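# A closer look at the structure
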Amino acid sequence: MSAIRSSIRTGLLGRAFAVLGAANAVSAAVEAGRRPRARDLRELGIDPASFDQVSR
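Residues numbered from 1 in each chain as written. Predicted model: local features only at pLDDT ≥ 70, side-chain atom pairs only at ≥ 80, totals over all residues. Heavy atoms only, no water.

## Focus: the overall build of the protein chain
- Along the protein chain, the regular secondary structure elements total two helices and zero strands.
- Here the protein chain holds 56 residues, and the buried ones make up 14% of them. (Helix = DSSP H or I, 4+ residues; strand = E, 2+ residues; numbered from the N terminus. Buried < 20%, exposed > 50% of the residue type's maximum accessible area, 1.4 Å probe, protein only.)

Following this line, the structure appears as structure tokens:
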């Protein structure tokens, strides 16, 4: 039972923290007028190559 519990905690919570961290990094970069890192954009499901085409 502990292996299942550990898997859920690591998978679900790990993914949730990764997405929240990427969202925070992307929003901070955009607010500062910088381009976000490609890794953070991919984590959020955004194509880094097409990010520059988004109008503000």
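Having put the structure on the table, let's press on.
## Observations regarding the pattern of salt bridges
- This structure, assessed with the given rule, holds three salt bridges.
- Note that Arg35 and Asp52 form a salt bridge whose closest N and O atoms lie 3.2 Å from each other. With Arg35 in the loop between helix H1 (2-31) and helix H2 (38-43) and Asp52 in the segment after H2, the pair connects residues that are 17 residues apart, well separated along the chain.
- The partner of Asp40 in a salt bridge is Arg37, and the shortest N-O contact between them spans 3.2 Å.
- Given a relative accessible area of 7%, Asp40 falls into the buried group. (Salt bridge = Lys/Arg side-chain N within 4 Å of Asp/Glu carboxyl O.)

## Quick look at the environment of Asp40
- For Asp40, the position within the fold is in helix H2.
- Spatially, the C-alpha atom of Asp40 lies 6.6 Å from that of Val26, the residues being 14 residues apart in sequence.
- If we ignore the near neighbours within four places in the chain, the residues touching Asp40 are Ala22, Ala25 and Val26. (Contact = heavy atoms within 4.5 Å.)

## Digging into a nonpolar patch on the surface
- A contiguous nonpolar patch, built from Leu13, Phe17 and Leu20 and spanning about 340 Å² of accessible area, is present on the exposed surface.
- Structurally, Leu20 is set in helix H1.
- Of the residues examined, Leu20 reaches a relative accessible area of 56% and is grouped as exposed. (Patch = residues over 30% accessible without salt bridge, like charges linked within 9 Å, V, L, I, M, F, W, Y side chains within 5 Å. Areas by Shrake-Rupley, 256 points an atom, 1.4 Å probe, with all protein chains shown as cover.)

Any link to function would need more than the numbers given here.
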